[in-house]
Amino acid sequence: MRAVLRNMEGGFRLTKKQVKIVVCILQAVLVGILFLPSANSGDSGGAALNTFGLVKKYSDIGHNIDALAYIMMAICSPVITALSAVQLRERKNFGIGVCLSGLTSFVHAIFYTVVKTFMSGSVTVNGLHYLIILIALINLFIEIYGFLLANPEEKKGKKGRPH
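Residues numbered from 1 in each chain as written. Predicted model: local features only at pLDDT ≥ 70, side-chain atom pairs only at ≥ 80, totals over all residues. Heavy atoms only, no water.

Once that is clear, we can look at the packing of aromatic side chains. Evaluated as defined, the whole model comprises five aromatic pairs. Taken together, a centroid distance of 5.0 Å and an interplanar angle of 45 degrees make the contact between Phe 35 and Phe 52 tilted. Taken as a pair, Phe 35 in the loop between α2 (16-32) and β1 (37-41) and Phe 52 in helix α3 (residues 51-60) lie far apart in primary sequence, 17 residues in all. Overall, the relative accessible area of 52% leaves Phe 35 in the exposed class. Look at Phe 111 and Tyr 112: their rings are 5.4 Å apart centre to centre, the planes differ by 80 degrees, and that puts the pair in the edge-to-face class. Among the aromatic residues, those joined into a ring-pair cluster are Tyr 58, Tyr 70, Phe 111 and Tyr 112. (Phe/Tyr/Trp six-rings, centres within 6.5 Å; stacked < 30°, edge-to-face > 60°. Helix = DSSP H or I, 4+ residues; strand = E, 2+ residues; numbered from the N terminus. Buried < 20%, exposed > 50% of the residue type's maximum accessible area, 1.4 Å probe, protein only.)

Take a nonpolar patch on the surface next. Taken together, the side chains of Ile 21, Ile 25 and Val 29 define a hydrophobic patch exposed on the protein surface, amounting to about 250 Å² of accessible area. Judged by its relative accessible area of 36%, Val 29 falls in the partly exposed class. (Patch = residues over 30% accessible without salt bridge, like charges linked within 9 Å, V, L, I, M, F, W, Y side chains within 5 Å. Areas by Shrake-Rupley, 256 points an atom, 1.4 Å probe, with all protein chains shown as cover. Salt bridge = Lys/Arg side-chain N within 4 Å of Asp/Glu carboxyl O.)

What follows covers the confidence of the model for the chain. Summing up the model confidence of the chain, the mean pLDDT is 82 and the portion of residues at 70 or higher is 80%. Within the chain, α3 carries the highest mean pLDDT (91), whereas helix α1 (residues 2-6) carries the lowest (50). (pLDDT = per-residue confidence, 0-100.)

What the three strands build is an open sheet, ordered β2-β1-β3; its pairing is antiparallel. Two strands close off the open sheet at either side, each with one partner strand: β2 (48-50) and β3 (123-125). Strand-to-strand twist of the sheet, defined as the mean angle between neighbouring strand axes without regard to direction, takes the value 35 degrees. Strand contacts of α3: β1, β2 and β3, with the helix running at about 95 degrees to β2, the strand carrying the most contacts. (Pairing = 2+ DSSP bridges. Axes fitted to C-alpha atoms, helices over the stretch in contact; angles between N-to-C directions. Contact = heavy atoms within 4.5 Å.)

A few words now on the environment of Asn 126. Mapped onto the elements of the fold, Asn 126 is located in the loop between β3 and α6 (128-149). By relative accessible area, which is 30% here, Asn 126 ends up partly exposed. Along the sequence, Asn 126 and Ala 48 sit 78 residues apart, while their C-alpha atoms lie 9.9 Å from each other. Dropping the residues within four chain positions of it, Asn 126 is found in contact with Pro 37, Ser 38 and Ala 39.

Here we come to α6. Relative to the 32 Å expected for 22 residues at 1.5 Å per residue, α6 spans 32 Å between its end C-alpha atoms, a close match to the ideal helical length. Among all positions of α6, only Leu 128, His 129, Ile 132, Ile 133, Ile 135, Ala 136, Asn 139, Leu 140, Ile 142, Glu 143, Tyr 145 and Gly 146 are buried. (Expected span 1.5 Å × (residues − 1).)

Under the definition given, this model contains one cavity of 30 Å³ or more. Volume-wise, the largest cavity comes out at about 30 Å³. Considering the residues around the largest cavity, the lining is formed by Gln 27, Leu 30, Ser 77, Thr 81, Leu 100, Ser 101, Thr 104, Ala 136 and Asn 139. For the lining of the largest cavity, the elements supplying multiple residues, two or more each, are α2, α4 (64-87), α5 (90-118) and α6. By residue number, the principal contributor to the lining of the largest cavity is α5, which donates three residues. (1 Å grid on protein atoms, 1.4 Å probe; cavity = no way out; pocket = protein on both sides within 12 Å on 5 of 7 lines; lining within 4 Å. Points joined across faces, edges and corners; volume = space filled by probe spheres on them.)

Attention shifts here to the layout of surface pockets. Reported here for the second largest pocket is a volume of approximately 160 Å³. Together, Tyr 58, Asp 66, Ala 69, Tyr 70, Met 73, Phe 106, Val 107, Ile 110, Phe 111 and Val 114 line the second largest pocket. Here the residues of the lining of the second largest pocket sort into nine nonpolar, no polar and one charged. (Nonpolar A, V, L, I, M, F, W, Y, C, P; charged D, E, K, R; others polar.)

Structure follows, in structure tokens:
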């Protein structure tokens, strides 16, 4: 796989630093998009609800723990991913980012599917959740790319082990 990445001439290539910057930007977008209207209360002409309003309505119908778990994952996962990209060493930060990005996309998909199912009469979900899931998946692939860029062989050479 590394040979394929090295032989890409004139293709799309990012440095590790650029990958970290893109990851941090995508995480900020994921948190910021939670404030955009993602559903309408009642029929299509009802009041616009952002994700926090949608979580509040979901909590009001008796799913308090589910709503709390979702909102904690929706906020904490991007924050931890962005912090790990900056704070941890290369292989670890991209590995944590891959896991959290996959989990983030999974959690958003489950929450919006459950909301569309259980609250179909009182809430109309627009297509913003597809964008949220798409951004999380794009971030997942960028983290995988960064993980492949991080070269564990550099450390082996420093410790005196043969290559």
